[in-house]
Amino acid sequence: MTTIKTTCLACGDVELAADDLVLELSPMEATGHYNFECPFCESTQHRPANERVVAILLAIGVTYFVSEELVSEDEITEFVESLDDWLQDITAA
Ligand SMILES: [Zn+2]
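Definitions and limits used
Residues numbered from 1 in each chain as written. Predicted model: local features only at pLDDT ≥ 70, side-chain atom pairs only at ≥ 80, totals over all residues. Buried ≥ 20, exposed ≤ 12 C-beta atoms within 10 Å, placed from the backbone. Helix = DSSP H or I, 4+ residues; strand = E, 2+ residues; numbered from the N terminus. Pairing = 2+ DSSP bridges. Axes fitted to C-alpha atoms, helices over the stretch in contact; angles between N-to-C directions. Contact = placed C-beta atoms within 7 Å.

**Digging into the pairing of strand S1 (residues 3-8)**
Where burial is concerned, little of S1 is hidden: 0 out of the 6 residues are buried. In this sheet, strand S2 (residues 12-17) lies alongside S1 in antiparallel orientation, the contact comprising 6 bridges. The residue bridging Thr 3 from the neighbouring strand is Ala 17, located in S2. In this antiparallel pair of consecutive strands, S1 and S2, the connection spans 3 residues.

If you want it as structure tokens, here you go:
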């Protein structure tokens, strides 16, 4: 079985099986994050995955899902505020 070497912030180097990781992909990008539970201290680790790491994790059969945060809350707030401005411009005319 393929093992993945990664690091726990508390314990240092740890080896995991493909089943121990979950990959979270960013929509529209080839990057994301991977989550795993450290086998030593049992804390959940959330680490960034660049394109190379994503490709490796997918190749060895790690479970993945695509993050649904297509639009951030900040972007929604900004959009709503710009609508308010637009409405004021219209009604002031
Ligand atoms: Zn640990």
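**Some words on the sheet that holds strand S5 (residues 44-49)**
Here 4 strands make up an open sheet; going across it, the order is S5-S4-S3-S6 and the pairing mixed. Of all the strands in the sheet, the pair left with one neighbour each is S5 and strand S6 (63-66). For this sheet, the mean inter-axis angle between neighbouring strands, taken without regard to orientation, is 25°. As judged from the 4 bridges shared by strand S3 (residues 21-25) and S6, these two strands associate in the parallel manner. By the bridge assignment for S6, Glu 24 is matched with Phe 65. With respect to the sheet, helix H1 (residues 51-59) is in contact with S3, strand S4 (32-37), S5 and S6, its orientation differing from that of S3 by roughly 130°.

Note that all results are geometric; they support no functional claim without further evidence.
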